[in-house]
Amino acid sequence: ITTTEQTFTSITLPDYEIGLIESSFNDNQIHPDFDHHTAAKEEFDKIVKDLEDYINAGGVENLTNMTIQGSADSAKPTLSGHDHGSNPYDGITNSSKRNQWLSDKRAQNYASLIIKEIKENTGKDITIDVLPGNNYYGQSGKRGLKWRSIEFKSNAPTYTPTAPDPVINKNTEKTETPPATK
């Protein structure tokens, strides 16, 4: 007699506060600098892997309300070290509006990278809504990683697949010898 033990693993996507260990963004930059910030790249890869696991388990239909929100700390935005191309800040000159632009663009670009990776790795299309960013321009004490972070929320329920987890069930098959008959 062969019996198979089946295990269904529920998957919960956490909320992510991105950039608290190491910022993905240098001052005045809107594109993550993963080449120079390895911890930020590892954080990005974990988010993508978590989403892939959720999608591959069958939960893609639950990913309908994902949001991302950037932030820019209290420092005055300048042209120093920017990565905005030939039209920095899209021509905005007001410092507070530049800071808002930084926070919004950071979230938009990070979301675009997640969407691209998910499409390449799973073949699935996802949408992430970019919320207006947090602008801390000129606010005392609001400088550094915490104030330059990004908040990403899947807003997805815990998903329990309807088929067993193949990784967990890989080695759970048991063979039993039937009792001897007289």
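Residues numbered from 1 in each chain as written. Predicted model: local features only at pLDDT ≥ 70, side-chain atom pairs only at ≥ 80, totals over all residues. Heavy atoms only, no water.

Quick word on the overall build of the chain
Okay, step 1: The helix and strand inventory of the chain stands at 3 helices and 6 strands.
Okay, step 2: The helix and strand sequence of the chain, counted from the amino end, reads β-β-α-β-α-β-β-α-β.
Okay, step 3: For the chain, the proportion of contacts with a sequence separation of at least 24, taken over those separated by at least 6, is 80%. (Helix = DSSP H or I, 4+ residues; strand = E, 2+ residues; numbered from the N terminus. Contact = heavy atoms within 4.5 Å.)

Re helix H1 (residues 38-59)
Okay, step 1: Here H1 contains 22 residues, and its C-alpha end-to-end distance of 29 Å stays within 8% of the 32 Å for a straight helix at 1.5 Å per residue.
Okay, step 2: Ala40, Glu43, Phe44, Ile47, Val48, Asp50, Leu51, Glu52, Tyr54, Ile55 and Gly59 are the residues of H1 that are buried.
Okay, step 3: Each element contacted by the buried residues of H1 is listed here: strand S2 (16-18), strand S3 (66-72), helix H2 (95-122) and strand S5 (150-153). (Expected span 1.5 Å × (residues − 1). Buried < 20%, exposed > 50% of the residue type's maximum accessible area, 1.4 Å probe, protein only.)

Points about the packing of H1 against H2
Okay, step 1: Where H1 meets H2, the closest approach of the two axes is 10 Å, and the angle between their N-to-C directions is 45°. In this view, H1 runs oblique relative to H2, as classed from their interaxial angle. Two packed elements cross with a definite hand, and for H1 against H2 that hand is right-handed. Taking contact as the criterion, the partners of Glu43, Phe44, Ile47, Val48, Leu51, Glu52, Ile55 and Asn56 in H1 are, on H2, Tyr110, Leu113, Ile114, Glu117, Ile118, Asn121 and Thr122. (Axes fitted to C-alpha atoms, helices over the stretch in contact; angles between N-to-C directions. Parallel < 35°, antiparallel > 145°, perpendicular 65-115°, else oblique. Left-handed = near helix turned anticlockwise from the far one by under 90°.)

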